[in-house]
Amino acid sequence: MHIRHCGRREIPAYKGRRSSSGTAFAVTGIVFLVLSLVFFQLPGVRFSGWLFLGLAVVCFLWLILRRWSELSLWGTACKWVFLVILAAVTVTLFTLETAVILHGRGDTLTDPVDAVIVLGAGVNGERPSLTLQTRIDRAAEYLKAHPDIPAVLSGGQGPGEQISEAEAMRRALTAQGIDSDRLLLEERSANTSENFQFSGELLRHHAMDPGSMVIGVVTNDFHLFRAEILASREGMSVRGIPAKLPWWWLEANYYIRESFASVKTLLFD
């Protein structure tokens, strides 16, 4: 233990601030851990559970590295490497999150386009999920405002789905009064990249050139940034038509998730 000499008395060096800081990180880590367990039990926000679990791991890892740095030069080096990596990750995710938020804003209901692509989402049996239903409702609103525009309904059939996502959208849109002759079904895609690839092929099959058109993309607001990146890789000029989820906590969960998904798209897709 380090001490300071003051005359004949020996006074222990003050460590209260360091101790209180360590306690604060430990308590914060425990709070994040509890929150992760709570969010894992809630429908639709499982990603938030993983996020809080990751934050808890960061807190506990920081406590370990702080302690190690007091005992070893290797610990000090690892602590600083950890801080640099954490700062880089934070700046990257913050930048991407800003882009995700900005691309999800705006009202494009009156903006003219040459065709619309509606991106699929999950189907429960034959019933559209909440996410898909919001896209269907937004597409119906836009197509009613622009009655001469064709629409590609893009989405294949995945696990637990008794019909394709495209077919689920067709049924729902015709039930809302949209003429089925305007709807082109793309039923092969399994992800957003394939949505645009196969939708482009379908448009060309119907004598339309997606490379020379302005295409409206109907998807959720948090998904537009990534969708526009993938559409541009297929040579499409797109304009977002955002749909919103009904509850703010779902929106927050998916908005945060999209910044992580955007990293995957930029690096690997």
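Just above sits the structure.
None of these values were measured; they are calculated from a predicted model.

Colleague: Quick rundown of unusual backbone geometry? Include the residues and the values.
Modeller: In the Ramachandran plot, alanine 207 falls in the positive-phi region, its phi being about 65 degrees despite a non-glycine side chain. Tracing the chain through its elements places alanine 207 in the loop between helix H6 (192-205) and strand S8 (214-220). Judged by its relative accessible area of 73%, alanine 207 is exposed.

Colleague: Explain the environment of isoleucine 215 to me, and be specific about the residues and the numbers.
Modeller: Of note, isoleucine 215 is situated in strand S8. If we skip the residues at most four places from it in the chain, isoleucine 215 touches Val113, Ala115, Val116, Ile117, Leu203, Pro210, Met236, Ser237, Val238 and Arg239.

Colleague: Outline the pairing of strand S9 (residues 237-243), supporting the account with residue identities and numerical values.
Modeller: Inspection of the sheet shows S8 paired to S9 by seven bridges, in the parallel sense. Looking at the pairing, threonine 219 lines up with proline 242 of S9. For the handedness criterion, the β-α-β arrangement of S8, helix H7 (residues 224-233) and S9 is classed as right-handed.

Colleague: Account for the pattern of salt bridges, naming residues and giving values.
Modeller: Two side chains that carry opposite charge are able to pair once their charged atoms sit near each other. Considering all chains together, one arrives at eight salt bridges under this definition. Its salt-bridge partner being glutamate 167, residue arginine 170 comes within 2.7 Å of it at the nearest N-O pair. With arginine 170 and glutamate 167 both in helix H5 (residues 165-175), this residue pair falls three residues apart, about one helical turn. Given a relative accessible area of 27%, arginine 170 falls into the partly exposed group. Residue class for glutamate 167 comes out buried when judged on its relative accessible area of 14%. Between arginine 188 and glutamate 201 there is a salt bridge whose closest N-O contact spans 2.6 Å. With arginine 188 in the loop between strand S7 (183-186) and H6 and glutamate 201 in helix H6, this residue pair connects regions lying 13 residues apart in the sequence. On the basis of relative accessibility, which here comes to 35%, the residue glutamate 201 falls in the partly exposed class. Connected through shared salt-bridge partners, Glu126, Glu167, Arg170 and Arg171 make up one network.

The rules behind these values
- Residues numbered from 1 in each chain as written.
- Predicted model: local features only at pLDDT ≥ 70, side-chain atom pairs only at ≥ 80, totals over all residues.
- Heavy atoms only, no water.
- Helix = DSSP H or I, 4+ residues; strand = E, 2+ residues; numbered from the N terminus.
- Buried < 20%, exposed > 50% of the residue type's maximum accessible area, 1.4 Å probe, protein only.
- Contact = heavy atoms within 4.5 Å.
- Pairing = 2+ DSSP bridges.
- Right-handed = clockwise from strand over helix to strand, strands pointing away.
- Salt bridge = Lys/Arg side-chain N within 4 Å of Asp/Glu carboxyl O.

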